[in-house]
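Take a look at the letters that make up each chain.
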Amino acid sequence: QKEVEQNSGPLSVPEGAIASLNCTYSDRGSQSFFWYRQYSGKSPELIMFIYSNGDKEDGRFTAQLNKASQYVSLLIRDSQPSDSATYLCAVFGLSNFGNEKLTFGTGTRLTIIP
Amino acid sequence: GAVVSQHPSRVICKSGTSVKIECRSLDFQATTMFWYRQFPKQSLMLMATSNEGSKATYEQGVEKDKFLINHASLTLSTLTVTSAHPEDSSFYICSARKRANDGAQYFGPGTRLLVL
């Protein structure tokens, strides 16, 4: 079973602090990695993607990938109350049936405390 | 951009009826679209992968005859829930992929189905 694991939280972070979200995956052949944000009752929204080892920054968001450790993380700087949501880690690779598939973690619920 | 629309956003129907949900990519052509289901406080569950002009690939445990998928064009896929029952009540979300091999999927706003 190819898995993506996240701490379900809830993770509470004071406004203005850095929120750190972590994700591990089991398939070493995974090719690309995504972070989605999902507000309650809404569909997921793509906020970051990363393909290569290292860091990738986009505004207040930084994605970090370590393929050797099979670990991907998302840092949110200067956290705002509007960042309160569930964050889904998704990993792209081949499914057990050989077709391309995006596998989602169960999500981490983040709450930013004003 | 990468905008995906879904229609309807919400539907209530009686048990035994069929419901069709449309998914459209508005500003790009999507060779592949995906259908997910999400129950309250649970993660996304992939139901099927839909390729334009070919039959959908269903995930294990998803009934092909109950969840009919048609991907008639590069911008439109439809999901029909046939003979819906209360246990089919869920949040159905489609997504579309802009380019092959990069994996990124863009989601529609979802359709909330309630079967009475």
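Residues numbered from 1 in each chain as written. Chains lettered and ligands numbered in written order. Predicted model: local features only at pLDDT ≥ 70, side-chain atom pairs only at ≥ 80, totals over all residues. Heavy atoms only, no water.

Caption draft 1: Quick peek at the overall build of chain A. For chain A, the helix and strand inventory stands at 0 helices and 11 strands. Moving toward the C terminus, one meets the helices and strands of chain A in the order β-β-β-β-β-β-β-β-β-β-β. What you see for chain A is a C-alpha radius of gyration of 14 Å, in line with the 13 Å of a compact globule of 114 residues. Dimensions of chain A along its principal axes, counting C-alpha atoms only, are 45 × 30 × 20 Å. Scored against the burial criterion, the 114 residues of chain A give a buried share of 42%. A separation of at least 24 residues holds for 54% of the contacts in chain A among residues at least 6 apart in sequence. Carbon and sulfur atoms make up 49% of the accessible area of chain A, which totals about 5500 Å². Positive and negative side-chain charges in chain A, numbering 10 and 11 respectively, have mean positions lying 4 Å apart. (Helix = DSSP H or I, 4+ residues; strand = E, 2+ residues; numbered from the N terminus. Rg over C-alpha atoms; globule rule 2.2 N^0.38 Å. Buried < 20%, exposed > 50% of the residue type's maximum accessible area, 1.4 Å probe, protein only. Contact = heavy atoms within 4.5 Å. Areas by Shrake-Rupley, 256 points an atom, 1.4 Å probe, with all protein chains shown as cover. Lys, Arg positive; Asp, Glu negative; His and termini not counted. Charge placed at Lys NZ, Arg CZ, Asp CG, Glu CD.)

Caption draft 2: Fine view of the side chain of Glu-59 of chain B. Mapping Glu-59 of chain B onto the fold places it in the loop between β6 (57-58) and β7 (67-73). In contact with Glu-59 of chain B, not counting residues within four places along its chain, are Lys-101 of chain A together with Leu-46, Met-47 and Ala-48 of chain B.

Caption draft 3: Just the pairing of strand β6 (residues 54-58) of chain A, in detail. Of the strand pairs in this sheet, β6 of chain A and strand β7 (residues 61-66) of chain A are connected by 5 bridges, and their pairing is antiparallel. Bridging from a neighbouring strand, Glu-57 of chain A pairs with Thr-62 of chain A of β7 of chain A. (Pairing = 2+ DSSP bridges.)

Caption draft 4: Spotlight on a nonpolar patch on the surface. Residue and element names in this part refer to chain B. Nonpolar side chains collect at one region of the surface, where Ile-12, Leu-114 and Leu-116 lie side by side and expose about 310 Å² of accessible area between them. Its place among the elements puts Leu-116 in the segment after β11 (111-115). Residue Leu-116 is classed as exposed on the basis of its relative accessible area, which comes to 60%. (Patch = residues over 30% accessible without salt bridge, like charges linked within 9 Å, V, L, I, M, F, W, Y side chains within 5 Å. Salt bridge = Lys/Arg side-chain N within 4 Å of Asp/Glu carboxyl O.)

Caption draft 5: Highlighting the sheet that holds strand β8 (residues 71-76) of chain A. Residues and elements named next belong to chain A. Across the sheet, 5 strands lie side by side as β1-β3-β8-β7-β6; this open sheet has antiparallel pairing. Each edge of the open sheet is held by one strand with a lone partner, namely β1 (4-6) and β6. With direction set aside, neighbouring strand axes in the sheet form an average angle of 20°. Here 6 bridges tie strand β3 (residues 19-25) to β8, and the two strands are oriented antiparallel to one another. Residue Leu-21 lies in a different strand from β8, and its bridge partner there is Leu-74. (Axes fitted to C-alpha atoms, helices over the stretch in contact; angles between N-to-C directions.)

Caption draft 6: Examining the sheet that holds strand β8 (residues 76-81) of chain B more closely. Residues and elements named next belong to chain B. The 4 strands lie next to each other as β1-β3-β8-β7, forming an open sheet whose pairing is antiparallel. Both outer strands of the open sheet, β1 (4-7) and β7, are each paired with one neighbouring strand and no more. Averaged over all neighbouring strand pairs, the angle between strand axes comes to 15°, with direction disregarded. Sheet topology note: the strand β3 (residues 19-25)/β8 ladder contains 6 bridges and is antiparallel. The residue bridging Lys-20 from the neighbouring strand is Thr-80, located in β8.

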